[in-house]
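# Overview (structure and organization)
Residues per chain, in single letters:
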Amino acid sequence: IKRVLPNLTSNPQFVAMFLDEARLSLFLQHANVVQVFDISKADDGTYFLVMEYVDGCDLKALMNFHNETGSKDIVIARGSEGMGLHGRSGHVHYPTTAKTVFDVSGAGDSSLAALAMGWAAKLDPLTCLHLANLAGGVAVSRLGAKSVSLDDLREAGGGEEMAKLLSYNDATEW
């Protein structure tokens, strides 16, 4: 069950966005997409989705596995709250920057692509998070799902990180 937090229920724009996403998700049918069965409103006024149960570990189990196996880093996407990086040196929260949100379509994909691009370019994990947040920010500032280019990231404030990424991009065939 995915539910809107009580403090967000009073935000009509957030509730409208949640309900729009929920209605659209009712029509998605794919092996790699969790199916939504119902949208409803609880007695306390909070909205929720009833979704397909996916068997797997929860975040705490994932963090324990990370600690036990000594894997390098785990990135946790937290939507409008930003991203978290759990690594050998501890946990870092990387918040989003305030933006006007037009459409959240593609923001997760753009963030993940920028994160992977940064790691492929051997940038440090915090720089990768910064690029991922920039990409997500660019994506939500546009209407509809559109790609985020390297120039978009530079214009969004990538600064020195973009110089590193662009120099890697120039030296590498993708």
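See the structure above.
Let us look at the structure shown here. Not measured: the values here are computed from a predicted model.

## Section: the overall build of the chain
On a plain count of helices and strands, the chain comes out with 6 helices and 6 strands. Along the chain, helices and strands appear, N-terminal first, in the series β-α-α-β-β-α-β-β-β-α-α-α. Split by element, the accessible area of the chain, about 11300 Å² in all, is 57% carbon and sulfur.

## Some thoughts on the sheet that holds strand β3 (residues 47-51)
If you walk across this open sheet you meet the 3 strands as β1-β3-β2, and the pairing is antiparallel. Strands with a single pairing partner mark the edges of an open sheet, and in this sheet they are β1 (2-3) and β2 (36-41). Relative to β3, β2 is paired through 5 bridges, and the arrangement is antiparallel. Directly across from Ile 39, in β3, lies its bridge partner Leu 49. Across the sheet, helix α2 (residues 12-25) touches β1, β2 and β3, and the angle it forms with β3 is around 20°.

## Quick notes on the side chain of Ser 110
Counting through the fold element by element, Ser 110 comes out in helix α4 (residues 107-120). Residues contacting Ser 110, with those up to four places away along its chain left out, are Ala 135, Ala 139, Lys 146 and Val 148.

## Side note on the sheet that holds strand β5 (residues 83-87)
Think of a sheet as strands paired side by side through backbone hydrogen bonds, with each pair either parallel or antiparallel. The strand order β4-β5-β6 describes an open sheet built from 3 strands, whose pairing is antiparallel. Taken across any chain shown, the strands that pair with only one partner, and hence form the sheet edges, are β4 (73-77) and β6 (90-94). Here the average twist between neighbouring strands, direction ignored, is 15°. Both β5 and β6 contribute to a ladder of 5 bridges, which runs antiparallel. Bridge pairing in β6 places Leu 85 opposite Val 92. Along the sheet, helix α3 (residues 59-69) makes contact with β4 and β5, crossing β4 at roughly 160°.

Rules of the game
Residues numbered from 1 in each chain as written. Predicted model: local features only at pLDDT ≥ 70, side-chain atom pairs only at ≥ 80, totals over all residues. Heavy atoms only, no water. Helix = DSSP H or I, 4+ residues; strand = E, 2+ residues; numbered from the N terminus. Areas by Shrake-Rupley, 256 points an atom, 1.4 Å probe, with all protein chains shown as cover. Pairing = 2+ DSSP bridges. Contact = heavy atoms within 4.5 Å. Axes fitted to C-alpha atoms, helices over the stretch in contact; angles between N-to-C directions.

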